[in-house]
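Architecture at a glance
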Amino acid sequence: MSRVSLQLERKILRLLHGHKTRKNLREIHAHFLRQCLHQSNQILSHFVSVCGHLNKMNYANLVFLQTHNPNILLFNSMVKGYSLNGPFEEAITLFSLIKTHGIWPDEYTFSPLLKACSGLDDSRIGQCIHGEVIKSGFARFGSVQIGVVELYSSSGRMEESKKVFDGMSQRDVIIWNLMIRGFCKRGDVDMGLSLFRQMSERSVVSWNSMISYLAQSGRPSEALALFHEMKELGFQPDEATMVIVLPICAHLGAIDVGQWIHSYAESSRFYQNAVSVGNALMDFYSKCGNLETSLQIFNDMPCKNVVSWNAMISGLAFNGRGELGVELFEEMMNKGEKPNDATFIGVLTCCAHAGLLEKGQELFASMSENYFIDPKLEHYGCMVDLLARNGCVRMAYDLIRSMHIMPNATLWGSLLSACRTYGELELAELAVKELIILEPWNSGNYVLLSNIYAEEGRWDEVEKIRVLMREKNVKKAMGQSATG
């Protein structure tokens, strides 16, 4: 390559990796086309790599298809791009093309290729690639071993993962984290915790993951204890730590810990710079019943997203301030924020708690008409609750019958409770028949209907319910009573 061409190539590489210029892909592409450098594998591999980081793999592929003699460097960039963005099948197709071209793959081929296999539903493809790794002699390369462990752990095949893990001479934090994640996601949190305890070196990600897995598995006290241990060992909580720990504090009523996180977030400027931390703090204070502080955080947040609005609206509903929640929703609309399905769950709950029947009906109708959001079971649940609280039991029944999705037991149970409150025996019978179909084992449904009949003095029907329970071998739960 001439000195001029070398200088041009360096200039193009600087443009590709410049913070301000790298997004101008079309201009950079045009530039190296004009300079007749469009067949330079060096430039093309960097160009494709930037496309991958910017999620522009369609563009990368168009450029790649114009290449006459791609080398392993360019193929690797393409494989890595697809491993990051998908479709993952394209990475496998490229590997076949590498072999067709008679090019020998290297460790930088297999690492992203294995990552792509982790995203596929068919584990057999990953096994085949692992076989190619062994045949090619790259099974002992660290980056490849990480890929193999991720491949098997992502599909819950922890025996295969552990076999590779046990055979590794050096294990970095990444590989330990992958193993812990694999066991915890499979439900073996004790094994994950055991591995965590064996780590000689941990990152904040390691602590965050283990705290999160303990909380998700119904062990919040242990999760909070681990957070305290993390602090005592000198690890500084990051954004993810606070978002993970604050719901645990709310669940356990650990107000002092939540307040410490609040203070830490303010002093470290997470509060000002990370929307997710502000959202988590707002949710924490709402669940602890401190609406004043929650609203103050909401109002002080320099940036808000839809989750921020949703958290505050739901917090107001949770604390019996439904009318204020509806007002906040209207403010959200006036500011041009786009609601999502969670927004409507929050505001419809506000309407139910505040008894705002007409407003709730209006908002429910606007979901599909104005915002093109199809109601889900949760939205129907809010509406049934709203109608039932206002004595509109027949309307609640009609709404359930009009649903475009299958009603669940929660909806019918809510209607059945309302029928009992308002003495709607006919609708109660219809509701309990649906519940018996959905939950033939649940004695509570039979007992509730039996009690309704008893209150009406219909003792023959009470006896029929008892007979039906015997026929279906349904046993009354402790503490339940069928009047008779």
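Further up the page is the structure itself.
Summarised in this report is the structure supplied together with it. Bear in mind the structure is a predicted one, so any value in this text is a computation, not a measurement.

1. Comments concerning the overall build of the protein chain
- Scanning the protein chain from terminus to terminus reveals 29 helices and zero strands.
- The globule rule puts the C-alpha radius of gyration for 484 residues at 23 Å, and the 30 Å found for the protein chain is more than 25% above it.
- Referenced to the eigenvectors of the C-alpha coordinate spread, the extents of the protein chain come out at roughly 100 × 55 × 50 Å.
- Looking at the protein chain as a whole, 47% of its 484 residues qualify as buried.
- In the protein chain, 59% of the contacts between residues at least 6 apart in sequence involve partners at least 24 apart.

2. What about helix α14 (residues 220-232)?
- With 13 residues, α14 should reach 18 Å at 1.5 Å per residue; the first-to-last C-alpha distance of 19 Å fits that figure.
- Next to the buried residues of α14 lie α12 (189-198), α13 (204-216), α15 (239-252) and α16 (255-267).
- Trailing α14 by a residue or two, Gly 234 shows a phi angle of about 90 degrees, which is positive.

3. Let's talk about the environment of Tyr 285
- Among the structural elements, Tyr 285 can be located in helix α18 (residues 275-287).
- Overall, Tyr 285 belongs to the buried group, its relative accessible area being 5%.
- The spatial distance from the C-alpha of Tyr 285 to the C-alpha of Leu 246 is 9.3 Å, given a sequence separation of 39 residues.

4. Quick look at the pattern of salt bridges
- The final tally for this structure, using the stated rule, is 22 salt bridges.
- Among the charged side chains, a network of salt bridges with common partners joins Lys 99, Glu 132 and Lys 135.

5. What about unusual backbone geometry?
- Residues Gly 86 and Pro 87 are joined by a peptide bond in cis, for which omega reads -5 degrees.
- Turning to its location among the elements, Pro 87 is positioned in the loop between α5 (72-85) and α6 (88-100).
- Residue Cys 36 is not a glycine yet carries a positive backbone phi of 60 degrees.
- Among the secondary structure elements, Cys 36 is positioned in the loop between α2 (25-34) and α3 (41-53).
- Judged by relative accessible area, Cys 36 falls into the exposed class, the value being 61%.
- One non-glycine residue, Asn 55, adopts positive backbone phi at about 55 degrees.
- Relative to the helices and strands, Asn 55 resides in the loop between α3 and α4 (57-65).

6. Some remarks on helix α25 (residues 393-402)
- For α25, every residue scored as buried is listed here: Val 393, Ala 396, Tyr 397, Leu 399 and Ile 400. End-on view of α25: buried residues confined to an arc of 160 degrees, all on one side of the axis.

7. A short note on the packing of aromatic side chains
- The tally for this structure, following the rule as stated, stands at 18 aromatic pairs.
- One residue, Arg 202, lies across the ring of Phe 196, its end atom 4.2 Å from the ring centre.
- One cation-aromatic arrangement involves Lys 231 over Trp 260; the distance from NZ or CZ to the ring centre is 3.9 Å.

8. Side note on the nonpolar core
- Met 210 and Leu 415 are the most contacted members of the largest nonpolar core, which has 156 residues in total.
- The element contributing the most residues to this core is helix α11 (residues 173-185), with eight residues.
- Among all residues touching Leu 415, those that are not within four sequence positions of it are Val 384, Val 393, Ala 396, Tyr 397, Ile 400 and Ala 431.

9. What to know about the packing of helix α22 (residues 341-354) against helix α24 (residues 377-389)
- Contact geometry of α22 with α24 gives a least axis separation of 9 Å together with a crossing angle of 10 degrees. In terms of orientation, α22 and α24 fall into the roughly parallel class. Here α22 contributes Asp 341, Phe 344, Ile 345, Leu 348, Thr 349, Cys 351, Ala 352 and His 353 to the contact with α24, which in turn contributes Glu 378, His 379, Cys 382, Met 383, Asp 385, Leu 386 and Arg 389.
- In terms of residue class, the contact of α22 with α24 is built from eight nonpolar, three polar and four charged.

10. Examining the environment of Ile 175
- Its place among the elements puts Ile 175 in helix α11.
- Taking relative accessible area as the criterion, Ile 175 reaches 0% and is therefore assigned buried.
- Each C-alpha atom of the pair Ile 175 and Val 257 lies 31 Å from the other, and the pair is 82 residues apart in sequence.
- Excluding anything up to four places from it in sequence, Ile 175 contacts Gln 145, Ile 146, Val 149, Phe 165 and Met 168.

11. Focus: the packing of helix α28 (residues 443-455) against helix α29 (residues 459-471)
- α29 packs onto α28 with a crossing angle of 165 degrees between their chain directions and a minimal axis gap of 8 Å. Taken as axis vectors, α28 and α29 run roughly antiparallel relative to one another. Our pair here, α28 against α29, has a crossing hand that is left-handed. Residues Ser 443, Tyr 446, Leu 449, Ser 450, Tyr 453 and Ala 454 of α28 form the contact with α29, whose participating residues are Trp 459, Glu 461, Val 462, Ile 465, Leu 468 and Met 469.

12. Points about the environment of Lys 80
- One can find Lys 80 in helix α5.
- Take Lys 80: its relative accessible area is 42%, and that puts it in the partly exposed class.

Parameters and conventions
- Residues numbered from 1 in each chain as written.
- Predicted model: local features only at pLDDT ≥ 70, side-chain atom pairs only at ≥ 80, totals over all residues.
- Heavy atoms only, no water.
- Helix = DSSP H or I, 4+ residues; strand = E, 2+ residues; numbered from the N terminus.
- Rg over C-alpha atoms; globule rule 2.2 N^0.38 Å.
- Buried < 20%, exposed > 50% of the residue type's maximum accessible area, 1.4 Å probe, protein only.
- Contact = heavy atoms within 4.5 Å.
- Expected span 1.5 Å × (residues − 1).
- Salt bridge = Lys/Arg side-chain N within 4 Å of Asp/Glu carboxyl O.
- Arc of directions from axis to C-beta.
- Phe/Tyr/Trp six-rings, centres within 6.5 Å; stacked < 30°, edge-to-face > 60°.
- Lys NZ or Arg CZ within 6 Å of the ring centre and 35° of its normal.
- Core = buried A, V, L, I, M, F, W, Y, C linked by side-chain atoms within 4.5 Å.
- Axes fitted to C-alpha atoms, helices over the stretch in contact; angles between N-to-C directions.
- Parallel < 35°, antiparallel > 145°, perpendicular 65-115°, else oblique.
- Nonpolar A, V, L, I, M, F, W, Y, C, P; charged D, E, K, R; others polar.
- Left-handed = near helix turned anticlockwise from the far one by under 90°.

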